[in-house]
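A closer look at the structure
Spelled out, the chains give:
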Amino acid sequence: DAKTTQPPSMDCAEGRAANLPCNHSTISGNEYVYWYRQIHSQGPQYIIHGLKNNETNEMASLIITEDRKSSTLILPHATLRDTAVYYCIVLARGGYQKVTFGTGTKLQVIP
Amino acid sequence: EPEVTQTPSHQVTQMGQEVILRCVPISNHLYFYWYRQILGQKVEFLVSFYNNEISEKSEIFDDQFSVERPDGSNFTLKIRSTKLEDSAMYFCASIGAVVGRVAQPQHFGDGTRLSIL
């Protein structure tokens, strides 16, 4: 699976958009970008995934660059409950492979 | 929304004892996983299970570990003789069948905290 690079931490003011970047320059054509988060002491929570088009669901938006070498997860109106570690992960189609978690980005939403 | 459920939420066991962690994956899911997270460290893959057999395991998953799907709903992780270093959060995950060419995400439970004394 392609390696991903994320900043170790970010702050965001409550109510503002949180934009979390991820680099995945070695991604191959059949690999998807997945985002998960882990709120303290809970299991990883699936957020969103995409291949090449931008995606949006009730939780977030995913913007993937045209060359697919990077992506941004957008939480449009961050709340205190969005404070968590966010993981960007690349997996081949189907997603059956083991998920290899890195250290992710620790997002702190500030009141 | 369907959830992966894990029991117990916290298990305290004496070193050397056997422990069984239980998971109920999402109904109709076909692929099952165990991960663990030692306090302050990354989430690590242990094992994947499909069609009643192990499809992949990590170096952590040695002879002391085993998995089983004893019936149509439960998925268990057994540690035969626990060690202090087995203390961790253990997460179960499941994934459904591929529908067409659509990728599916793994859904995780909230884990069992295993404390070895």
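As a reminder, the structure under discussion sits directly above these lines.
Residues numbered from 1 in each chain as written. Chains lettered and ligands numbered in written order. Predicted model: local features only at pLDDT ≥ 70, side-chain atom pairs only at ≥ 80, totals over all residues. Heavy atoms only, no water.

Now for the overall build of chain B. Each helix and strand in chain B was counted, giving zero helices and eleven strands. In chain B, the succession of helices and strands from N to C terminus is β-β-β-β-β-β-β-β-β-β-β. Whereas a compact globule of 117 residues would reach a radius of gyration of roughly 13 Å, chain B reaches 14 Å, a difference of no more than 12%. Based on the C-alpha atoms only, the size of chain B along its principal axes is roughly 45 × 25 × 25 Å. For chain B, with 117 residues in total, the buried portion stands at 44%. Of all intrachain contacts in chain B linking residues separated by at least 6 positions in sequence, the fraction that spans at least 24 positions is 55%. For chain B, the computed accessible surface area is about 6100 Å², with 46% contributed by carbon and sulfur atoms. Of the charged side chains in chain B, 10 are positive and 14 negative, and the gap between their average positions amounts to 1 Å. (Helix = DSSP H or I, 4+ residues; strand = E, 2+ residues; numbered from the N terminus. Rg over C-alpha atoms; globule rule 2.2 N^0.38 Å. Buried < 20%, exposed > 50% of the residue type's maximum accessible area, 1.4 Å probe, protein only. Contact = heavy atoms within 4.5 Å. Areas by Shrake-Rupley, 256 points an atom, 1.4 Å probe, with all protein chains shown as cover. Lys, Arg positive; Asp, Glu negative; His and termini not counted. Charge placed at Lys NZ, Arg CZ, Asp CG, Glu CD.)

Our next topic: the packing of aromatic side chains. With the rule as written, the count across this model stands at 15 aromatic pairs over all chains. Look at Tyr36(A) and Phe108(B): their rings are 5.8 Å apart centre to centre, the planes differ by 85°, and that puts the pair in the edge-to-face class. Of the two residues, Tyr36(A) is situated in strand E3 (residues 31-38) and Phe108(B) in strand E10 (residues 107-108); the pairing between them involves two chains. Of the two residues, Tyr36(A) and Phe108(B), neither departs from the other in class, the shared state being buried. For the ring pair Phe101(A) and Phe108(B), a centre distance of 5.8 Å and an interplane angle of 70° mean the geometry is edge-to-face. Of this pair, Phe101(A) sits in the loop between strand E8 (84-92) and strand E9 (105-110) while Phe108(B) sits in strand E10, on two different chains. We classify Phe108(B) as buried; its relative accessible area is 11%. Put simply, the rings of Tyr36(A), Tyr46(A), Tyr87(A), Phe101(A), Tyr33(B), Tyr35(B), Phe45(B) and Phe108(B) pair up and form one aromatic cluster. (Phe/Tyr/Trp six-rings, centres within 6.5 Å; stacked < 30°, edge-to-face > 60°.)

Our next topic: the interface of chain A and chain B. With 21 residues of chain A at the interface, the matching set in chain B holds 24 residues. Where chain A abuts chain B, roughly 1900 Å² becomes buried across the two surfaces, and 56% of that area is made up of carbon and sulfur atoms. Linking chain A with chain B are one salt bridge. Lys98(A) is the partner of Glu56(B) in a salt bridge, and the nearest nitrogen-oxygen pair spans 3.2 Å. Counting the contacts that link chain A with chain B gives six residue pairs in polar contact (both at pLDDT 80 or more). (Buried area = accessible area lost by both parts, 1.4 Å probe. Salt bridge = Lys/Arg side-chain N within 4 Å of Asp/Glu carboxyl O. Polar contact = N/O pair within 3.5 Å; in protein donor to acceptor, adjacent residues only side chain to side chain.)

Turning our attention to the sheet that holds strand E4 (residues 45-50) of chain A. All names here are of chain A. Taken together, five strands build an open sheet; the order of strands is E1-E9-E8-E3-E4 and the sheet is mixed. Since the sheet does not close on itself, it has two edges, and those belong to strand E1 (9-13) and E4, each with one partner. When strand polarity is set aside, the average angle formed by the axes of neighbouring strands in this sheet is 25°. For E3 and E4, the ladder comprises five bridges, and the chain directions are antiparallel. Bridging from a neighbouring strand, Trp35 pairs with Ile48 of E4. (Pairing = 2+ DSSP bridges. Axes fitted to C-alpha atoms, helices over the stretch in contact; angles between N-to-C directions.)

Here the focus is the state of the cysteines. Residue and element names in this part refer to chain A. Taken as a whole and judged by the stated rule, the model has two disulfides over all chains. Cys22 shares a disulfide with Cys88; S-S distance 2.1 Å. Looking along the S-S bond of the Cys22-Cys88 disulfide, the torsion reads about -80°, which is the left-handed sense. Of the two residues, Cys22 is situated in strand E2 (residues 18-23) and Cys88 in strand E8; the sequence distance between them amounts to 66 residues. For Cys22, a relative accessible area of 2% corresponds to the buried category. Owing to a relative accessible area of 3%, Cys88 belongs among the buried residues under this scheme. (Disulfide = S-S within 2.5 Å.)

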